[in-house]
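The lines below spell out each chain.
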Amino acid sequence: MSAWNDFNDAEQQQHFDLIPKGTVAKVRMTIRPGGYDDPSQDWTGGYATQSFETGSIYLSCEFVVLEGAFARRKMWSNVGLHSAKGPAWGNMGRTFVRAALNSARNIRPQDNSPQAAAARRISGLHELDGLEFVARIDVEKDGRGDLRNVVKNPVEPDHPDYARVTGAVARPAQVAYTPVAPVASPASAPTAAPQTQRPSVPGKPAWAQ
């Protein structure tokens with residue numbers, strides 16, 4: 001056991017340069033619980049935080065870089081849920097979460113299929129705790145005027161950087177269409193074999209079936 005009168009064997013303090021502005025990396029978002037609940041908004045489980053100064057409600061989030069040259073580096077940002085000043089901050093938070101879900105679940109932002117719509121729904125804030133997605137990192141000043149890294153925005157599957165980081169091919173967006181009456185085939189044309197519906201895969205969430 002290390003002695004508290006000799007600090008020669010203590011670990012040296014680590015100094016990190018800022019992650020360059022615009023860096024794209026895969027991150028894991030962890031919510032630091034603030035103990036605030038509002039069941040009418042489906043904010044339960046104590047994940048939300050209320051500011052003592054302004055009364056605003058937000059998610060206090062930690063982001064950890066998972067891969068690459070900056071692996072294990074941490075950043076902290078708030079995701080807005082509600083502000084007494086108006087809906088702008090909450091709407092920004094909703095936009096962030098939508099994009100994070102698209103990124104985490106490989107859904108193009110233009111995809112309006114039932115499967116994509118289901119992927120953008122959550123049963124509670126707990127589903128955002130531990131969410132992994134591709135993010136663009138920025139540099140901004142904190143309250144003391146010091147520079148720090150923050151997660152600027154999630155990178156969605158329609159962006160070239162998404163495939164570069166994940167190696168995944170984005171699912172094609174499902175566009176709405178108007179069905180038309182089939183054209184009668186000539187009598188000599190072969191009849192196509194009936195297609196069977198693909199069974200659901202056990203163990204997958206509902207949105208991924």
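Residues numbered from 1 in each chain as written. Predicted model: local features only at pLDDT ≥ 70, side-chain atom pairs only at ≥ 80, totals over all residues. Heavy atoms only, no water.

(A) Structural detail: the overall build of the chain. Along its length, the chain carries 3 helices and 7 strands. Across the 209 residues of the chain, 34% fall into the buried class. Within the chain, residue pairs in contact and separated by at least 24 positions form 57% of the contacts whose partners lie at least 6 positions apart. By element, 52% of the accessible surface of the chain is carried by carbon and sulfur atoms, the whole surface being about 14500 Å². (Helix = DSSP H or I, 4+ residues; strand = E, 2+ residues; numbered from the N terminus. Buried < 20%, exposed > 50% of the residue type's maximum accessible area, 1.4 Å probe, protein only. Contact = heavy atoms within 4.5 Å. Areas by Shrake-Rupley, 256 points an atom, 1.4 Å probe, with all protein chains shown as cover.)

(B) Focus on unusual backbone geometry. Phi angles above zero are rare outside glycine, and Asp-42 is one such case at about 65 degrees. Positive phi values are uncommon outside glycine, yet Asn-106 reaches one of about 55 degrees. Of the residues examined, Asn-106 reaches a relative accessible area of 14% and is grouped as buried.

(C) Layout of the pattern of salt bridges. Under the criterion given, the structure shown has 9 salt bridges. Two residues, Glu-140 and Arg-148, come together in a salt bridge whose shortest N-O distance is 3.0 Å. You can call Glu-140 partly exposed: its relative accessible area is 34%. Among the salt bridges present, the one from Arg-144 reaches Asp-146, with a minimum N-O distance of 3.8 Å. Three or more residues are tied together by salt bridges with common partners; here these are Lys-21, Asp-138 and Lys-152. (Salt bridge = Lys/Arg side-chain N within 4 Å of Asp/Glu carboxyl O.)

(D) The packing of aromatic side chains, seen in detail. Summed over the entire model, instances satisfying the criterion amount to 5 aromatic pairs. For the pair Tyr-58 and Trp-89, a centre-to-centre distance of 6.2 Å together with 55 degrees between the ring planes defines the contact as tilted. One end of the pair, Tyr-58, is in strand β4 (residues 57-65); the other, Trp-89, is in helix α1 (residues 88-104), and 31 residues separate them in sequence. Using a relative accessible area of 16% as the deciding quantity, one classes Tyr-58 as buried. The interplanar angle of 70 degrees and the centroid separation of 6.3 Å between the aromatic rings of Phe-63 and Phe-96 together place this pair among those described as edge-to-face. On the criterion of sequence distance, the pair formed by Phe-63 in strand β4 and Phe-96 in helix α1 is long-range, its members being 33 residues apart. Counting every residue linked through ring pairs, the aromatic cluster contains Phe-63, Phe-96 and Phe-133. (Phe/Tyr/Trp six-rings, centres within 6.5 Å; stacked < 30°, edge-to-face > 60°.)

(E) Local environment of the environment of Phe-96. Overall, Phe-96 belongs to the buried group, its relative accessible area being 13%. C-alpha of Phe-96 to C-alpha of Pro-154: the two residues are 58 residues apart in sequence and 7.0 Å apart in space.

(F) Focus on the confidence of the model for the chain. For the chain, the average pLDDT comes to 85, and 79% of its residues sit at 70 or higher. With pLDDT under 50 throughout, residues 176-180 is counted as low confidence; its partners more than four residues away or in other chains account for 0 contacts. Confidence drops under a pLDDT of 50 for residues 185-202, and excluding neighbours within four residues, the segment shows 2 contacts in the predicted structure. (pLDDT = per-residue confidence, 0-100.)

(G) Local environment of the side chain of Ser-83. Take Ser-83: it is sitting in the loop between β5 (74-82) and α1. Residue classification places Ser-83 among the buried residues on the basis of a relative accessible area of 14%.

(H) Geometry of the nonpolar core. Leu-59, Phe-63, Leu-128 and Phe-133 are the most contacted members of the largest nonpolar core, which has 27 residues in total. At the level of secondary structure, the elements contributing two or more residues to this core comprise β1 (24-31), β3 (43-50), β4, β5, α1 and β6 (131-141). Top contributing element to this core by residue count: β4, with 5 residues. When residues no more than four places from it in sequence are discounted, the contact partners of Phe-133 are Ala-25, Lys-26, Val-27, Met-29, Phe-63, Phe-96, Ala-100, Ser-103, Ala-104 and Pro-154. Listed in part, the 5 residues of the second largest apolar core include Val-24, Val-134, Tyr-162 and Val-165. (Core = buried A, V, L, I, M, F, W, Y, C linked by side-chain atoms within 4.5 Å.)

(I) Up close: the environment of Ile-122. Relative to the assigned elements, Ile-122 resides in the loop between α2 (114-119) and β6. On the accessibility criterion, Ile-122 (32% relative accessible area) is partly exposed. A sequence separation of 21 residues divides Ile-122 from Leu-101, and the C-alpha atoms of the two residues are 9.3 Å apart. Dropping the residues within four chain positions of it, Ile-122 is found in contact with Leu-101, Glu-127 and Leu-128.

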